[in-house]
Amino acid sequence: MNAVSAQPLGRDRRWRRWAQREVSLASLAAFRVLFGAVLLVGTLRFLGRGWIEKQYVEPTFFFKYWGFSFIEVWSPTGLYLHFSAMALCAALICLGLFYRVATVGFTLLFAYAELMDVTNYLNHYMLVIWLCLLLCVSPAHGMWSLDAWRAPRLRRHTVPLFLLVTFRAQVAVVYLYAAWAKVGADWLLHGQPLDIWLSSRSDMWLVGPLFTLPATPLVMSWAGFLYDATIVLWLSIPRTRPVAYLVVLGFHGFTGALFDIGMFPGIMSVATLLFFSPSWPLRFVPHRAPPTTNPRRPAWLAPLLMGFLLVQVLLPARHVLYGGDVLWHEQGMRYAWKVMVREKAGSVTYRVVARDGHRTWHVAPTDYLTWRQANEMSGQPDLILQLGQHIAWDFARRGRGDVAVYVDALVSLNGRAAARLIDPGVDLTTVTDGIARHAWILPAPASPPLGG
Amino acid sequence: MKFSLLPLVAMVGVTAACPKSTGQEPEPEVAFSRSQLLENLADGVFVPTYQGFVDASGVLVDRARTYAAATGDARAAARADAQTAFLDAHAVWQRADLYQVGPAAPSYRPGGQNIRDEIYSFHDGVNPCAVDQQLVANEFGAAGYFDQRLIPTKGLDALEYVLFYDGADNQCPPPATINTSGAWAALTPAELGTRRERYAEALSQHLHTQAQRLVQAWSPEGDDFRKEFLARGETFSSERDALDAAFAALYYLELFTKDRKLSVPIGLHVDCAAAPCPEFAESLWSAASTRHIEQNLIAFRDAFSGNGGYGWSDALVAEGAEELATRMTSHLDAAIALVNAETRSVDELVRSDPEQAQRIYEAVKAVTDDLKSQFITVLNLSVPDEGAGDND
């Protein structure tokens, strides 16, 4: 009995020893520098393209995240200060100056910016937040940083392997859940929505004509799926890693040229470098480490990271609890790495009915939203609900009396004929948003997508 | 990596060699391309319609000139001729109004020069009081006069007012200067008539000039917007951007025809305080609002069908969405037939037969519902003024 029970205990110890051993900090420090640069470029790009105006100043109504309705949008001056502070924090992260304040500051500022309006949600913004949270608890400024230069006590050259593994796991979660999101008839059997997207890019230089070949969408769909499903494996095997990284660069470079996916290619190209040996940057930038290291490792770090990983694994999978087609009902769609898997558009008209029956109004979402917001909203039931309830509030505020709000939401998913997304007989003012399954969302159409 | 890439490469080779259909019958060659759609929209739909307005506004200038010169018994007939020429020209513009692409479009759109607002300003619209003030000022005979004037005093809607309204009163409130100063009251009926005729003559000429400017803007001899529309460059960096601009123009049917010309007068729109609101109908002076809606629908159908060349429906068919193309055509035809059979203007309809007005609204909505949903997803288009932003 003793011999039998001793074996798993030994394995556990070996695993713990493996995870807790100290490895070079160089990889994480290089990630800090490069990721900080990506964040800086991304923030300056946002400022430079006038997106503060478009996304935060022009709208008069903002969609709230469930549980974060207290988040308010700053004044225009406040917004520019907010994003300027973000840029400053990103630069400080890159330089490794006042690193702890900068990482926490950037994380809070970035998260706040994203929480101001749901229509600006992007999967890779979520990834930025998760990676920033990991940086907050990482000593990535221990080398190649101005902090290490100015304060010797902050210098360090090693990091526990489990910290590096957590970063890798975060990247792996993104890829693997992105692969899972592609498992479905639309993507793997019909090549949708890639077929739709590629058809509209047939004038692209050099590769455009290839997009008109009938087989291209399906081939690319499968290639994308196989890439997402296996790239972590290839990056994890030393022998295949260099070629795999070239594939990473090729894949993200290509998709970056093909689609408007902003900083996502840069983020993934930098993040996947973490799969290389922890000391890989030392081959390019020699660094003299002290003869001994004295790792400082807070006791709370390992349990915290375990909890973090648990969230990463469970949160994106929650859509299975809702059943149905998540691309249609969207419950469990966010924070789930369902990256570029749907093309959705809808015609949404609110029918506002005075409760005393004296009048009916038809309200277009653009009466309250910018075109960009209206377009994002049109396929997302919780946002349609939010606006419906806001319309009721606004009617009361304007003295139009107590109203019931119904919606005709005709939505097309991946080129299908438009179908009703929401029960037109449900008064949206009587519905409460939450994480429970919404009965007021109608089932997805059973028909195949375009071309099916 | 060899193990992972080899099957992929093989799959690419094998599947690329396969025909599109796996069925027994080989599919016919699809000759359609999106660049052909753009080319035909420019050459077969937009520019011919603009040119049609040049011709119609030229006739209008002649008739308005004749009207201004007419005296005695000839005035009534000359006025009727000018009104007919106006309605003909306005009908053509109601089609061109749907083609606000490039120079006709607002300046915030690619290639936009605001020419449309010079020609027609519904729904922000004409201000008849401002026109009356110009009649009192009596300076509109000067060359380039309308180039310096604000939108509310010019355009087809202003012309409609001076051609169709012959009352002795004005549209300004009592406290307006032309009333308090006695300047309006000092105008004799004959002088007021003469000024209206001369205003119509001068404004017709301005509209004709703007129409020529629009055609010129598309022409190789002018700004050559056609070249910008069809080739990639500063204005449109991709074929998709140009298609988005043409698609944005189709939204007229939703934003103007459905939401402004019908929804507001019917009282479905919040801008109507107490339903119905016939006073918000289009073309109240000439009572041509129903005909305008018909022309809007016809213009949409021309762009959709291609008017003898490649149209949006061909793009849908090329993407495998024949059913959508057929359904939208059917909805368009039904809407046009419904409006064509209606002799009453919209303001009359909402007063006397609101159910019929609602039926027309629903018929137009049937078209725009498809436009805003499946049409967008099949062709991967961007909604108008969506603005830049990232996706993932």
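Residues numbered from 1 in each chain as written. Chains lettered and ligands numbered in written order. Predicted model: local features only at pLDDT ≥ 70, side-chain atom pairs only at ≥ 80, totals over all residues. Heavy atoms only, no water.

Observations regarding the overall build of chain B
Phase 1: Of regular secondary structure, chain B possesses 17 helices and 0 strands.
Phase 2: Per-residue burial over chain B gives 54% buried out of 392 residues.
Phase 3: Within the structure as shown, chain B displays about 16,100 Å² of accessible surface, and the carbon and sulfur contribution to it stands at 53%.
Phase 4: A distance of 2 Å separates the average location of the 31 positive side-chain charges in chain B from that of its 56 negative side-chain charges. (Helix = DSSP H or I, 4+ residues; strand = E, 2+ residues; numbered from the N terminus. Buried < 20%, exposed > 50% of the residue type's maximum accessible area, 1.4 Å probe, protein only. Areas by Shrake-Rupley, 256 points an atom, 1.4 Å probe, with all protein chains shown as cover. Lys, Arg positive; Asp, Glu negative; His and termini not counted. Charge placed at Lys NZ, Arg CZ, Asp CG, Glu CD.)

So, the confidence of the model for chain B
All names here are of chain B.
Phase 1: Across chain B, the average pLDDT comes to 92, with 92% of residues at 70 or higher.
Phase 2: Note on residues 1-28: pLDDT under 50 across the span, and 20 contacts to partners over four residues away in sequence or across chains.
Phase 3: Note on the complex model: pTM 0.93, ipTM 0.93. (pLDDT = per-residue confidence, 0-100. Contact = heavy atoms within 4.5 Å.)

Re the sheet that holds strand β6 (residues 419-420) of chain A
Residue and element names in this part refer to chain A.
Phase 1: Read across the sheet, 4 strands follow the order β4-β3-β5-β6 without closing on themselves; strand pairing throughout is antiparallel. Only two strands of the sheet have a single partner each, and these edge strands are β4 (360-363) and β6.
Phase 2: Running over the sheet, helix α18 (residues 381-397) touches β3 (344-354), β4 and β5 (403-413) and is turned about 30 degrees from β3. (Pairing = 2+ DSSP bridges. Axes fitted to C-alpha atoms, helices over the stretch in contact; angles between N-to-C directions.)

Examining the interface of chain A and chain B
Interface size, as often reported, equals the accessible area lost upon joining of the parts.
Phase 1: Tallying the contact residues gives 57 residues for chain A and 49 residues for chain B.
Phase 2: Note on chain A versus chain B: buried area summed over both sides is about 4,600 Å², and carbon and sulfur give 56% of it.
Phase 3: When the area that chain A buries against chain B is broken down by residue, the three leading residues are R359(A), H362(A) and W371(A), summing to 16%.
Phase 4: Counting across the chain A and chain B interface gives 1 salt bridge.
Phase 5: For D390(B), the salt bridge is made with R45(A), and the minimal N-O distance between the two is 2.8 Å.
Phase 6: For the interface between chain A and chain B, the tally reads 20 residue pairs in polar contact (both at pLDDT 80 or more).
Phase 7: Tallied by class, residues from the side of chain A that touches chain B come to 30 nonpolar, 16 polar and 11 charged. (Buried area = accessible area lost by both parts, 1.4 Å probe. Salt bridge = Lys/Arg side-chain N within 4 Å of Asp/Glu carboxyl O. Polar contact = N/O pair within 3.5 Å; in protein donor to acceptor, adjacent residues only side chain to side chain. Nonpolar A, V, L, I, M, F, W, Y, C, P; charged D, E, K, R; others polar.)

Some details on the domain arrangement of chain A
Residue and element names in this part refer to chain A.
Phase 1: Segmenting chain A into domains produces domain 1 (18-287 + 299-322) and domain 2 (343-430).
Phase 2: Of the residues lining the interface, 17 residues belong to domain 1; the matching set on domain 2 comes to 15 residues.
Phase 3: Interface of domain 1 and domain 2: buried area, both sides summed, is about 1,400 Å²; carbon and sulfur atoms make up 55% of it.
Phase 4: Taken as a group, F61, F63 and T119 account for 44% of the area that domain 1 buries against domain 2, more than any other trio of residues on that side.
Phase 5: Between domain 1 and domain 2 we count 1 salt bridge in total.
Phase 6: Linking domain 1 to domain 2 there are 8 residue pairs in polar contact (both at pLDDT 80 or more). (Domains from an automatic or database assignment.)

Topic: helix α2 (residues 34-69) of chain B
Phase 1: If you check α2(B), its first and last C-alpha atoms are 51 Å apart, about what 36 residues at 1.5 Å a residue would give, namely 52 Å.
Phase 2: Its maximal kink placed at L41(B), α2(B) deviates by approximately 35 degrees. (Expected span 1.5 Å × (residues − 1). Bend = angle between axes of the 7 residues up to and from the residue.)

Things to note about the packing of aromatic side chains
Phase 1: As enumerated under the stated definition, the model contains 51 aromatic pairs over all chains in all.
Phase 2: An angle of 80 degrees between the planes, with centres 5.5 Å apart, marks the rings of Y245(A) and F276(A) as edge-to-face. Remark: F276(A) occurs in the loop between α14 (264-271) and α15 (301-314) and Y245(A) occurs in helix α13 (residues 241-258); sequence separation between them is 31 residues. With respect to class, Y245(A) is no different from F276(A); both count as buried.
Phase 3: With centroids separated by 4.9 Å and ring planes inclined at 75 degrees, the aromatic side chains of W361(A) and F395(A) adopt a geometry described as edge-to-face. Linking W361(A) in strand β4 with F395(A) in helix α18, this pair joins segments that are 34 residues apart in sequence.
Phase 4: The exposure class of W361(A) is buried, given its relative accessible area of 3%.
Phase 5: Taken together, the ring pairs in this structure connect W371(A), F247(B), Y251(B), F300(B), F304(B), W312(B) and F375(B) into an aromatic cluster.
Phase 6: Its end group placed over the ring of F276(A), R241(A) keeps NZ or CZ at 5.9 Å from the ring centre. (Phe/Tyr/Trp six-rings, centres within 6.5 Å; stacked < 30°, edge-to-face > 60°. Lys NZ or Arg CZ within 6 Å of the ring centre and 35° of its normal.)

Things to note about the state of the cysteines
Phase 1: Counted by the stated rule, this structure contains 2 disulfides over all chains.
Phase 2: Here C129(B) pairs with C172(B) through a disulfide, and the sulfurs are 2.0 Å apart. The disulfide joining C129(B) to C172(B) has a torsion of about 100 degrees about its S-S bond and is therefore right-handed. In this pair, C129(B) sits in helix α5 (residues 128-137) while C172(B) sits in the loop between α6 (156-164) and α7 (177-180), placing the two residues 43 residues apart along the sequence. There is no split in this pair, since C129(B) and C172(B) are both buried.
Phase 3: Regarding the disulfides, chain B carries the connectivity 1-2, 3-4 under sequence-order numbering of its bonded cysteines.
Phase 4: There is no disulfide at C89(A), and the cysteine sulfur nearest it, in C132(A), is 9.9 Å away.
Phase 5: Among the cysteines around C94(A), which has no disulfide bond, C132(A) carries the closest sulfur, lying 13 Å off.
Phase 6: On the basis of relative accessible area, C94(A) is assigned to the buried category, the value being 19%. (Disulfide = S-S within 2.5 Å.)

Section: the side chain of D224(B)
Residue and element names in this part refer to chain B.
Phase 1: As for its position among the elements, D224 is in the loop between α8 (189-218) and α9 (225-230).
Phase 2: Although buried, D224 forms no salt bridge, and the nearest oppositely charged side chain, K227, lies 5.2 Å from it.
Phase 3: Those residues within four positions of D224 in sequence are excluded, and the remaining contacts are Q216, A217, W218 and S219.

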